[in-house]
There are 2 protein chains.
Amino acid sequence: MSAGWFRRRFLPGGLLSAPGPSRPRASPVPYRRPRFLRGSGSGPGPADASRRPDARPVRSPARGRALPWNAGYAEIINAEKSEFNEDQASCGKLCIRRCEFGAEEDQEWLTLCPEEFLTGHYWALFDGHGGPAAAILAANTLHSCLRRQLEAVVEGMVAAQPPMHLSGHCICPSDPQFVEEKGIRAEDLVIGALESAFQECDEVIGRELEASGQVGGCTALVAVSLQGKLYVANAGDSRAILVRRDEVRPLSSEFTPETERQRIQQLAFVYPELLAGEFTRLEFPRRLKGDDLGQKVLFRDHHMSGWGYKCVEKSDLKYPLIHGQGRQVSEWPLPRIPLKLPPTESKAPKGCSLPLCALLVHLLGLSAVSSHLPCPQARLLGTLAVSRGLGDHQLRVLDTDIQLKPFLLSVPQVTVLDVDQLELQEEDVVVMATDGLWDVLSNEQVARLVRSFLPGNREDPHRFSELAKMLIHSTQGKDGSPTGEGQVSYDDVSVFVIPLHSHGQGSSGH
Amino acid sequence: MSAGWFRRRFLPGGLLSAPGPSRPRASPVPYRRPRFLRGSGSGPGPADASRRPDARPVRSPARGRALPWNAGYAEIINAEKSEFNEDQASCGKLCIRRCEFGAEEDQEWLTLCPEEFLTGHYWALFDGHGGPAAAILAANTLHSCLRRQLEAVVEGMVAAQPPMHLSGHCICPSDPQFVEEKGIRAEDLVIGALESAFQECDEVIGRELEASGQVGGCTALVAVSLQGKLYVANAGDSRAILVRRDEVRPLSSEFTPETERQRIQQLAFVYPELLAGEFTRLEFPRRLKGDDLGQKVLFRDHHMSGWGYKCVEKSDLKYPLIHGQGRQVSEWPLPRIPLKLPPTESKAPKGCSLPLCALLVHLLGLSAVSSHLPCPQARLLGTLAVSRGLGDHQLRVLDTDIQLKPFLLSVPQVTVLDVDQLELQEEDVVVMATDGLWDVLSNEQVARLVRSFLPGNREDPHRFSELAKMLIHSTQGKDGSPTGEGQVSYDDVSVFVIPLHSHGQGSSGH
């Protein structure tokens, strides 16, 4: 990615903002459920079951189909929010060649792994929006990108210390000292490879969706076990936690317009043209209206973590760059804002932004100004509830040319769990799930469910999938639900439960 | 600060980059030591004592001159690194008027405070570079900026919850709910006021230095007690810690080119013209040279927290945007790079950057490529070891027009200590000090010194200044120094010790 790329890609007059020559369209990405659900008794289509909240089926792998580390998995489709389940999942063995053989791709990763391969395991969840295509592409692609990125640095990963030169050739005798002083370790190469793999996958998705004329994006949450460590890479609002007998440890943070407010406002400050005069980058407690003009009201700008008061000017009445508060309101299904391809004929509205904003208010299903309904979920440019993820290359604010992509990052945050250093106990697990679970269950509630379920089910070889199913049932207001407050998730929900004991340790080289 | 301001201020062709009409020069900012040192037995000048490391005097307030909360203070000048002590300090009572009286400024803050004033206390340390002027201006000015910013929001601060409208007039009946949902509290207004005050002070310093033809910048570390809370605002590499019997808690983080690497690289990615073709924004373990061309070497870019390998191109041989590693090497005094006014006649070098870089290597006192000397302190554009602070408006990379200011932030990070919620014990203190102390003493070493000193000196009314003096002696290789490794600080060192017991609690309104 060269310097200046950003401007050419996103700013008016940039080389890439002109529409390219029309090419023959590729066939659309076909809808599917994860391969490891084959044989689990339900077909792939959206119409496989009733969609009433109390009748949607919870799906998990067929008995006898073991996932890596005997991990458990379960999923449920949303309550008619979208035609398809927009979540996707993927897992498998990760075989990293220590030299290039040019062997052909094996999509199922069932390659026999000889000794010269470095092996690990991989679990991934993708939560799509604007259609299922981006999440399906990510589930098909990200592991290959990661394998490629890891293979590019594997010689450095297996050395006692990553060498300054990948060749191992030492140009300057003090090179090891420089690397030592920077504190660069093998795990930093894995982190770098994960960061690069997410970006590469994002580019692939952009190309594929453009070619097939489809749209959409997805979040990505990935766990990778490698050389005795578990790497958790997250871009979006899914979440992974470690649950042990005496500990609940978050392994990821969520990236939403609220958690990334300052980064997003900063970009709008540096490049105001990205808002096309339609939005204000300032944050206020609520959308301002004419009566607020001239008043001193609470506000925050990009450089502030505190709040101040400012005198309201006319430009402050525009729709806010980030608007709303908190997570999805789970009492009733809120429609996602329809996504559309960039208009080819229509022009972006100019001048007064009223029509745009009125439309947004309508689409958000509320009038936040005139009466106090529950605050809508925080959204970027009135459109997107996550600030990191893959895809969304074509996403515009409805009826405008305002692009979402410059504000989105595809790069994940990576946390490292040094599994070899944990004194693992039999019921230590990592729970990974899309936001549908976390909207209605806290980390502590999930931990309580894990701890209450596992000890009584030690003999069941499918207990981790049973636990994943039980967690999903707990989001549906079923008997024994710990939420007890009518909190029901109408979103897609997907859950991996990864047991660490007897798998996580001493796994390097296996 | 309007959108587009950044570009007008810093990019080529911007309105403000043309030199303004020459104005009559104001008189230079006179050198001085903090006012509360008056009568402590030493004059204000730099030649007040021998500067040999073992003979520099440690200064503290005259006995009988009490600082707020009976805080202790001590300072020592550097070992001939600069003509003057570039550290400055300031403290006093903070009287926030609840309405504007138009009373004239009282520089010593000795105003009698009637009941309608909200009062607090203020301690501040400023570590100057490139001359003492910016730190002196900051010590003279920042408290006034803070008082002004607090007075602008005080009605919101004293309310049970900050109102949406400062007037208290409720335009929308649900406004309190919106404020509640955003979680906005009185302390957020104080944080916002501190953020704004630092920026205002930065602007004042820029104007004053330009008017007097002086240069320089400074870090700023401020502690403010207000309404039962202690706010610590930090921009730079000074540090504050809370020391209790069983706890050592950092109250600030340092802002250096290393800790802010991603922010700084990101700006250079978005605006490559800020580097004028002379620097590379990429980070490598060491400066690259011709022999590295074509090799795959370790590197990091703005979006990476991990490391990867890249094939070295010619542009990678440029001097790195951020170069060096860690803190000041304290074994011998490293000269600060001389600062200069922007060249009026000379042109920035073009094309090959060798002369510039050779000069920088010379100035840094090392040849990092040919042999492995201890790595130099990390510097921004080869010039500055801090990434936040006040001033530096005129600072350029030596012999070029490349400005440092666009990469610097004046906004502090603010942490809040809820003193009213602590079960305070008699020897609980906050230690604030400039980097000269922390270069040679760890938080734990300082805590051990505090805990060993205070219990035996309960009867001494000046024990907190004695403790501050003892801490400074411990940086000078004196008897009883805990460092024991020849670690001697040749930098300016300034220390406040703020006792919390019987002052920190129940202080609102006093």
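Rules used throughout
Position numbers for residues start from 1 in each chain and track the written sequence from start to end. Note on labels: chains are lettered from A, ligands numbered from 1, in written order. Predicted model: local features are reported for residues with pLDDT of at least 70 only, side-chain atom pairs are reported and counted for 80 or more only, and whole-chain, interface and lining totals are derived from all residues. In computing side-chain values, all of the structure's heavy atoms are included and hydrogens and water are not. Secondary structure elements are taken from DSSP: a helix is a run of H or I of four residues or more, a strand is a run of E of two residues or more, and numbering for both begins at the N terminus. The cut-offs for exposure are 20% and 50% of the maximum accessible area for each residue type, with area from a 1.4 Å probe on protein chains only; residues under the lower value are buried, those over the upper are exposed, and the others partly exposed. Residues are treated as being in contact if the distance between any of their heavy atoms lies within 4.5 Å. Only the protein chains shown count as cover for residues, and the accessible areas themselves come from Shrake-Rupley with a 1.4 Å probe. Copy-to-copy superposition: least squares on the C-alpha atoms, limited to residues that have pLDDT of at least 70 in both copies. Salt bridge, as used here, is a side-chain nitrogen of Lys or Arg placed within 4 Å of a carboxyl oxygen of Asp or Glu. Buried area adds together the accessible area that both of two parts lose upon being put together, with accessible area traced by a 1.4 Å probe. Here a polar contact is taken to be a pair of N or O atoms separated by no more than 3.5 Å, where protein atoms must pair a possible hydrogen donor with a possible acceptor and residues adjacent in sequence count only if both atoms sit in side chains. The pairing criterion for strands is at least two bridges between them, as found by DSSP. With axes taken as lines fitted to C-alpha atoms, and helix axes fitted only over the stretch in contact, angles between N-to-C directions fall between 0 and 180 degrees. Here is the rule for angles: anything less than 35 degrees is roughly parallel, anything more than 145 is roughly antiparallel, 65 through 115 is roughly perpendicular, and the remaining ranges are oblique. Each crossing is labelled by how the near helix is turned from the far one, with a counterclockwise turn of less than a right angle marking it left-handed and a clockwise turn marking it right-handed. Ten residue types, Ala, Val, Leu, Ile, Met, Phe, Trp, Tyr, Cys and Pro, are classed as nonpolar, four, Asp, Glu, Lys and Arg, as charged, and the remainder, Gly among them, as polar. The score called pLDDT rates the predictor's confidence residue by residue, from a low of 0 to a high of 100. Note on terminology: a nonpolar core comprises buried Ala, Val, Leu, Ile, Met, Phe, Trp, Tyr and Cys residues joined through side-chain atoms within 4.5 Å.

An unreviewed UniProt entry lists chain A under the name Protein phosphatase 1M isoform X4, from Equus przewalskii.

> Give a detailed account of the overall build of chain A, specifying residues and quantitative values.
Assigned secondary structure in chain A consists of nine helices and 18 strands. Taking all 510 residues of chain A together, 59% fall into the buried category. Excluding contacts between residues fewer than 6 apart, the proportion of contacts in chain A whose partners are at least 24 apart in sequence is 73%. Only carbon and sulfur atoms are counted for the fraction: they give 52% of the accessible area of chain A, which is about 20300 Å².

> So what about helix α8 (residues 443–453) of chain B? Which residues, and what values?
All buried positions along α8(B) are accounted for by Asn443(B), Gln445(B), Val446(B), Ala447(B), Leu449(B), Val450(B) and Phe453(B). The elements touched by buried residues of α8(B) are β8 (239–244), β9 (247–250), β18 (429–433), α7 (435–438) and α9 (463–473) of chain B.

> Run through the relation of the copies chain B and chain A, naming residues and quoting values.
Least-squares fitting of chain B to chain A yields an RMSD of 0.0 Å, with the transformation described by 0.0 Å of translation along the axis and a rotation of 180°. Taken together, the rotation and translation describe the operation of a two-fold axis. Scanning chain B for the C-alpha nearest the rotation axis identifies Val270(B), at a separation of 4.4 Å. Looking at the interface residues of chain B, 100% of them are also at the interface in chain A, so both copies use one shared face.

> Quick rundown of the pattern of salt bridges? Include the residues and the values.
Following the criterion strictly, the structure yields 54 salt bridges over all chains and no others. Via salt bridges that share partners, Lys182(A), Arg261(B), Glu283(B) and Arg300(B) belong to a single interconnected network.

> Before we move on, could you go through the interface of chain B and chain A and cite the residues and values that matter?
Taken together, the 64 residues of chain B in the interface contact 64 residues of chain A. Between chain B and chain A, roughly 5700 Å² of surface is buried when both sides are summed, and carbon and sulfur atoms account for 60% of that area. The interface formed by chain B and chain A includes five salt bridges. Asp175(B) serves as the salt-bridge partner of Arg286(A), at 2.5 Å between the closest nitrogen and oxygen. Linking chain B with chain A are 30 residue pairs in polar contact (both at pLDDT 80 or more). Of all the secondary-structure elements, those providing two or more residues to the side of chain B that touches chain A are α1 (5–10), α2 (133–157), α3 (175–181), α4 (186–212), α5 (261–270) and β11 (296–299) of chain B.

> Mind laying out the sheet that holds β9(B), listing which residues take part and the relevant values?
All names here are of chain B. Strand order in this open sheet of six strands is β1-β2-β19-β18-β8-β9, and the pairing throughout is antiparallel. Each of the sheet's edge strands pairs with one partner strand only, and the pair in question is β1 (58–59) and β9. Across two bridges, the pairing between β1 and strand β2 (residues 72–76) is antiparallel. Across the sheet, arginine 59 pairs through a bridge with glutamate 75, a residue of β2. Lying on the sheet, α8 is in contact with β8, β9 and β18; it crosses β8 at an angle near 45°. Along the sheet, α9 contacts β1, β2, β18 and β19 (493–499); its crossing angle with β2, the most-contacted strand, is approximately 30°.

> Would you mind going over the sheet that holds strand β17 (residues 429–433) of chain A in detail, with residue names and values included?
All names here are of chain A. An order of β1-β2-β18-β17-β7-β8 is seen for the six strands of this open sheet, with the pairing classed as antiparallel. Two strands in the sheet have a free side with no partner beyond their single neighbour: β1 (58–59) and β8 (247–250). Those strands touched by helix α8 (residues 443–453) are β7 (239–244), β8 and β17, and its axis lies near 45° from that of β7. Contacts from helix α9 (residues 463–473) reach β1, β2 (72–76), β17 and β18 (493–499), with the element oriented near 30° to β2.

> Quick one: what's the story with the packing of α8(A) against α9(A), residue by residue and with numbers?
Residue and element names in this part refer to chain A. Taken N-terminus to C-terminus, the directions of α8 and α9 make an angle of 140°; their axes are 11 Å apart at the nearest point. Between α8 and α9, the angle is such that the two are oblique. Judged by the twist between their axes, the crossing of α8 over α9 is right-handed. Together, Val446, Leu449, Val450 and Phe453 of α8 and Arg463, Glu466, Leu467, Met470 and Leu471 of α9 make up the contact between the two elements. Across the contact of α8 with α9, the residue classes break down as seven nonpolar, no polar and two charged.

> Hey, could you go over the environment of Arg263(A) for me, with residue numbers and the actual values?
All names here are of chain A. Tracing the backbone shows arginine 263 in helix α5 (residues 261–270). Using a relative accessible area of 26% as the deciding quantity, one classes arginine 263 as partly exposed. Taking the C-alpha atoms as reference points, arginine 263 and alanine 276, separated by 13 residues in sequence, lie 19 Å from one another. Filtering out sequence-adjacent residues up to four positions away, arginine 263 remains in contact with Ser387, Phe407 and Leu409. Only 3.0 Å separates the side chain of arginine 263 from the side chain of glutamate 260, close enough to count as a polar contact. A distance of 3.1 Å separates a polar atom in the side chain of arginine 263 from the backbone oxygen of phenylalanine 407.

> Account for the confidence of the model for chain A, naming residues and giving values.
Detailed reading of the predicted model is not advised wherever pLDDT is low. Residues and elements named next belong to chain A. In the predicted model, chain A carries a mean pLDDT of 84, and 78% of its residues have values of at least 70. This stretch, residues 44–49, has a pLDDT under 50; its non-local contacts, to residues over four places away or in other chains, come to ten contacts. Segment residues 100–114 is flagged for pLDDT under 50; beyond a separation of four residues in sequence, or across chains, it makes 22 contacts in the model. Two numbers describe this predicted complex: its pTM, 0.86, and its ipTM, 0.86.

> Summarise the nonpolar core; cite the residues concerned and give the values.
Among the nonpolar cores identified, the biggest contains 58 residues, and Phe126(B), Leu150(B), Leu194(B), Phe198(B), Val222(B) and Val224(B) are the most heavily contacted of them. Those elements that provide at least two residues to this core are β10 (296–299) of chain A together with β3 (87–97), β4 (117–129), α2, α4, β6 (220–226) and β7 (229–235) of chain B. The element contributing the most residues to this core is α2(B), with 14 residues. Ignoring sequence-local partners within four residues, the contact set of Leu150(B) consists of Leu94(B), Ile96(B), Met157(B), Val190(B), Ala193(B) and Leu226(B). Membership of the second largest hydrophobic core comes to 57 residues, among which are Tyr31(A), Leu226(A), Ala233(A) and Val312(B).

> Quick rundown of the environment of Arg25(A)? Include the residues and the values.
All names here are of chain A. One can find arginine 25 in the loop between α1 (5–10) and β1. With a relative accessible area of 59%, arginine 25 lands in the exposed category. Sequence separation between arginine 25 and valine 270 is 245 residues, and the spatial gap between their C-alpha atoms is 37 Å. Apart from residues lying up to four places away in sequence, arginine 25 is in contact with Ala211, Ser212 and Gly213.

> Give me the lowdown on unusual backbone geometry, citing residues and values where you can.
The backbone of Gln227(A) shows a phi angle near 50°, a positive value even though the residue is not glycine. Position of Gln227(A) among the secondary structure elements: in the loop between β5 (217–226) and β6 (229–235). Phi angles above zero are rare outside glycine, and Leu381(B) is one such case at about 55°. On the secondary structure map, Leu381(B) appears in the loop between β15 (379–380) and β16 (390–391).

> Tell me what's going on with α9(A), and back it up with residues and numbers.
Most of α9(A) is tucked away: eight of the eleven residues are buried. Three or more residues of α9(A) are buried, namely Arg463(A), Phe464(A), Ser465(A), Leu467(A), Ala468(A), Met470(A), Leu471(A) and Ile472(A).

> Give me the environment of Val270(A): which residues, what numbers.
Considering the arrangement of structural elements, one finds Val270(A) in helix α5. Here Val270(A) falls in the buried class, since its relative accessible area comes to 7%. Residue contacts for Val270(A): discarding those within four places in its chain leaves Arg7(B), Val270(B) and Tyr271(B).

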